[in-house]
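# A look at the structure
Now for the letters of each chain:
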Amino acid sequence: MKALLLAGGKGTRLYPLTHSIPKPMVPILNKPLLERTINYIKGYGIDEIVMSLCYQPEQIMNYFKDGSEFGVKIYYFIEESPLGTGGAIKNAEKYLDDTFLIFNSDIITDINLQKLINYHKEKNAKVTIALTRVDNPSAYGLVETDNDDRITAFKEKPRPEEITTDLINAGIYVFEKEILDLIPAGREISVEKEVYPGLLSAGIRMYAYKNSNYWIDIGTPHKYLELHNSIMDGLFAYPFIERNYKNNIFIGKNSYISPTTKLIPPIVIGDNCYIADEVIIGPRTVIGNNIEIRSGSYIRNSIIWEGCKIGRGSKLSNTIIGINCTIEDNRDVSYGVIAD
Ligand code: GDD
Ligand code: MG
């Protein structure tokens, strides 16, 4: 079985962080989000991945190449101008066969993909959509079902008066290839707004897979910090960092930390960092690779991306700092997003 990753969106709600980096490459514990997604998919024995790209595709391709380093085979499709989610699926047609999976690339979940696929087969569905519950569906795609969980309606980004359920499209689909014959080629088309409602009208069997697994999208800075908090508090298991690292403090290779600096766990510090005297870091802080933190700074509940320099006496809390930023001495930032 193959999986198609929709990874061409611009990530505008994460601006300015996503000026210099496409959203699927946003770091989670110092590794691109997409790397964890590939790892997760591979865990179900799916090792052929089709990536549909548009915005800044080179960064993604340069990192993952043909996939061999990550134990998978990757095929790329690049759109010159955005084709929308439906257009991106149609565009990848020649690499897809039989039954396949589709993923949005800005989500993190531990939904059981084997159960999802089994469910799709049991229901004899042509399309199955994983659903998740959220407090407020207005920023998502609301999905209504009947008592047998057959889908009856879609309301993408519903207005307050349209909200009839807290179940939304989780951005994970199982498709039968024949569905692609029903998507028009060569034009921009949204799977959520146009293709799905069209399939419903045509009487196609579409089912909802409801589950209560962990699910989050990192579409906004707030959600991005929330995901890190869940991982660092041990509420969601995450690969790449051994869970039992010493006292919940993980320090990468070649990083110097002054003995007069205080580390309050949980903390992750990347490779090649220099942390000067009398700095306080933590709790819940991720310091990327190649970072210099000068003396007397205090950083907590924050995520600092690679290559940053944090000036003397700075105070950062609940803040995200994008790649290669310099924070001047004595800056005091809370609930901020800073990027060039
Ligand atoms: N290749 C390609 N081309 N990919 C695209 C394009 C495009 O033109 N437009 C969007 N994508 C990718 C994005 O990179 C993302 O991974 C995915 O398609 C969904 O796009 P978003 O921009 O993140 O959509 P959304 O968050 O507003 O809503 C979607 O996700 C929600 C769950 O997070 C919808 O699927 C909602 O129904 C759903 O609830
Ligand atoms: Mg999204």
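Every value quoted in this text rests on a predicted model; they were computed, and no experiment measured them. Residue positions are given per chain, counted from 1 along the sequence in the order it is written. Key to labels: chains lettered from A, ligands numbered from 1, both in the order written. Note on the predicted model: pLDDT of at least 70 is required for a residue's local features to be given, and 80 or more for side-chain atom pairs to be given and counted; whole-chain, interface and lining totals, by contrast, use all residues. Heavy atoms from the whole structure form the basis of all side-chain values; hydrogens and water molecules are not counted.

### Re the packing of aromatic side chains
- Stacked, tilted and edge-to-face are the three classes applied to pairs of Phe, Tyr and Trp rings, where Trp contributes its six-membered ring and a pair requires centres within 6.5 Å; stacked means planes under 30 degrees apart, edge-to-face means over 60, and tilted covers the rest. Within this structure, the stated rule accounts for 17 aromatic pairs.
- Every member of this aromatic cluster is reached through a ring pair, and the members are Phe100, Phe154, Tyr173, Phe175 and Tyr196.
- For a ring to carry a charge above it, either NZ of a lysine or CZ of an arginine must fall within 6 Å of the ring centroid while also lying within 35 degrees of the normal to the ring plane. The aromatic ring of Tyr95 is capped on one face by Lys94, whose charged end is 5.8 Å from the ring centroid.

### Quick word on the pairing of strand β5 (residues 73–78)
- Here, any two strands with at least 2 DSSP bridges between them count as paired. Strands are runs of DSSP state E lasting at least 2 residues, helices are runs of H or I lasting at least 4, and numbering of each runs from the N terminus. Looking at chain direction, strand β4 (residues 48–53) and β5 are connected through six bridges and run parallel. Bridge pairing in β5 links Ser52 to Phe77.
- By definition, the crossover connecting two strands over a helix is right-handed if that path, from the first strand to the second, turns clockwise as seen with the strands pointing away from the viewer. Once the chain exits β4 it traverses helix α2 (residues 57–64) before rejoining the sheet at β5, and the crossover so formed is right-handed.

### Considerations on the domain arrangement of the protein
- Here the domain parsing of the protein yields domain 1 (2–218) and domain 2 (249–338).
- A separation of 34 Å is found between the C-alpha centroids of domain 1 and domain 2.
- Any two residues whose heavy atoms approach within 4.5 Å are treated as being in contact. With seven residues of domain 1 in contact, the opposing surface of domain 2 contributes 13 residues.
- For the pair domain 1 and domain 2, the summed buried area comes to about 770 Å², and 77% of that belongs to carbon and sulfur atoms.
- Ranking the residues of domain 1 by area buried against domain 2 places Leu17, Leu29 and Asn30 at the top, with a combined share of 65%.
- In what follows, salt bridge is the name for a side-chain nitrogen of Lys or Arg lying within 4 Å of a carboxyl oxygen of Asp or Glu. Across the domain 1-domain 2 interface, the total number found is zero salt bridges.
- Under the rule applied, a polar contact is a pair of N or O atoms within 3.5 Å (in protein, one hydrogen donor and one hydrogen acceptor; residues adjacent in sequence only if both atoms are side-chain atoms). Counting across the domain 1 and domain 2 interface gives one residue pair in polar contact (both at pLDDT 80 or more).
- Residues are sorted three ways: Asp, Glu, Lys and Arg are charged, Ala, Val, Leu, Ile, Met, Phe, Trp, Tyr, Cys and Pro are nonpolar, and all the rest, Gly among them, are polar. The class makeup of the residues in the side of domain 1 that touches domain 2 is six nonpolar, one polar and no charged. For every domain, the bounds stem from an assignment made automatically or drawn from a database. Using a 1.4 Å probe, buried area is obtained as the accessible area two parts lose upon being combined, added over both of them.

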